[in-house]
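Close look at the chain arrangement
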Amino acid sequence: MLANPPIYDTRNKSTLANPFPVYAHLRKEDPVHWHPRLKSWVLTRYDDVKRAHMSKDLSPDRITPFYANLPEKQRSVLQEVIRYLNLWMVFRDPPRHTHLRKIMNTAFTPRAIAELAPNIEYIVRQLLDRLDPSDSVDLVTEFATPLPALVIMDILGVPHEMLPKIKYWSDDMMVFIGSAQGVPDKYERARSGSEAMAAYFRDVIQDRRRNLGEDILSKMITAQEDGEGLSEDELIASCMLILFAGHETTTNMVSGAFYMLHKFPDQKQRLIENSDIIDSAVEEFLRYDGPSNALARIVVKEHEISEKTLKVGDRVFAMSNSANRDGDQFSDPDVLDLTRKKNRHLTFGYGTHFCLGASLARLEGKIAINQFLERFPNYTCLDTVPLDWIDSLSMRGLHNLPTKLS
């Protein structure tokens, strides 16, 4: 345990790189912690984080009160951003969330996801073929980033040559949505990225209406629940959400898995020798250092947790990555065990807001990790360039992962 633990602060690069000692201290000493700089509650124990996913005392709509309290100048900058974010399913309460979820479920069926496997395998092979085994590569930029982006782009009917622009727009949105702490122009970047992405998807949707097929976007356009489908703005917002969430989360999961295997060579060898454990391996990657760092909520009904009073309007960060290392839930929580049983991690959430794209992310992870290890079993991550961790409260991942392939 830390003698003088630093406050949880993503502006501190050492904490950003390894927040787990701070999480451990908070779980033991102050599991319902008021963070004075964030002006938010920070929950770190598994049971409290799990309840936060289900609690009717908390709302996912953190966008509306945040926007309402901004100065007029900043509200003007973010007007178009908020227009679409307010339509994202992840920020909606029932009954609208329930309605949107039912419509989206008709498109993201288990069968529809399973049918994507051949295309995912093809994309993975193409990306691996481009890597030069004789040289060092950045696995984030050259493999983990384009893989999920290209998969999602195929789902939505976006041509692959749009990847640089899509990535640029997504990065601009991420600094705002991910609650970046060290980006002074994040509002302007968020506006630029969201406006460009929304305009692009408006054209894509109009074209697809004229040429409906069996793809997931066509199913989203035609799907109805109780005689009501998605509005034009809801379709655009849903495309933005699918692209942003499906891209960022899976990129961080895949690159994080390679880094974890590098740090635990015994587990790497275990997976190489028995690729059949890939299902449990992916779950352990998600638990040990997952891409979803925290769940953000707003208190809508005053209540107490561990004798602390959470008042209406208070913001709450339920730290999933801390919950996933809680020793009351997981044996040897700080050990990476690719055959771990009963791995009830909270990386994809819990309850009604469980991640819609979880099965797709898992499928991409299984295919990507196994194929990469078949091709480059002797890869080694390099320490010649410092690792750059994403500045975010809600997301966790690497900007870079320099790697020697053989």
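Below or above, wherever it landed, is the structure these notes cover. (Residues numbered from 1 in each chain as written. Predicted model: local features only at pLDDT ≥ 70, side-chain atom pairs only at ≥ 80, totals over all residues. Heavy atoms only, no water.)

1. Topic: the overall build of the protein chain
So the rule is basically this: Only DSSP runs of H or I reaching four residues or more are called helices, and only runs of E reaching two or more are called strands; each is numbered from the N terminus. In this setup the radius of gyration rests on C-alpha atoms only. A globule is expected at 2.2 Å times the number of residues raised to 0.38. In this scheme, a residue with accessible area under 20% of its type's maximum is buried, one over 50% is exposed, and one in between is partly exposed, where area comes from a 1.4 Å probe on protein chains only. Here, two residues are considered to be in contact whenever any of their heavy atoms come within 4.5 Å of each other. Areas reported as accessible are Shrake-Rupley estimates using a 1.4 Å probe. Residue values count occlusion only from the protein chains shown. Positive charge is attributed to Lys and Arg, negative charge to Asp and Glu, and no charge count is given to His or to the chain ends. Taken as the charge centre is NZ of Lys, CZ of Arg, CG of Asp or CD of Glu, depending on the residue.
Secondary structure assignment for the protein chain yields 18 helices and ten strands. Taking 22 Å as the expected radius of gyration for a compact globule of 406 residues, we find that the protein chain reaches 21 Å, a close match to that expectation. When its C-alpha atoms are laid out on the principal axes, the protein chain stretches across 60 × 55 × 40 Å. Buried residues in the protein chain amount to 56% of all 406 residues. Partitioning the contacts of the protein chain with sequence separation of at least 6, the portion at a separation of at least 24 is 71%. Total accessible area on the protein chain stands at roughly 17,800 Å², and carbon and sulfur atoms take up 49% of it. Each charge class in the protein chain was averaged separately, 50 positive and 56 negative side chains, and the resulting centres sit 3 Å apart.

2. Things to note about the nonpolar core
The condition that has to hold: Among the buried residues, those of types Ala, Val, Leu, Ile, Met, Phe, Trp, Tyr and Cys that are joined through side-chain atoms within 4.5 Å form a nonpolar core.
Within the largest apolar cluster, 111 residues are counted, with the highest numbers of intra-cluster contacts made by Trp88, Phe201, Met220, Leu271, Phe285, Ile369 and Phe372. The biggest single contributor to this core is helix H14 (residues 232-263), with 16 residues. Those residues in contact with phenylalanine 201 that sit more than four places away from it in its chain are Leu156, Val158, Ile236, Cys239, Met240 and Leu243. One finds Val32, Ile305, Ala323 and Phe330 within the second-largest nonpolar core, a separate group that totals 16 residues.

3. Things to note about the sheet that holds strand S8 (residues 315-319)
Rules: Should DSSP find at least two bridges between two strands, the strands are regarded as paired.
Here we have five strands laid out as an open sheet, ordered S1-S2-S8-S5-S3, and mixed in their pairing. On the outer flanks of this sheet lie strand S1 (32-35) and strand S3 (58-59), each paired with one strand and no other. Alignment of strand S5 (residues 294-299) against S8, held across five bridges, turns out to be antiparallel. The residue bridging arginine 297 from the neighbouring strand is valine 316, located in S8.

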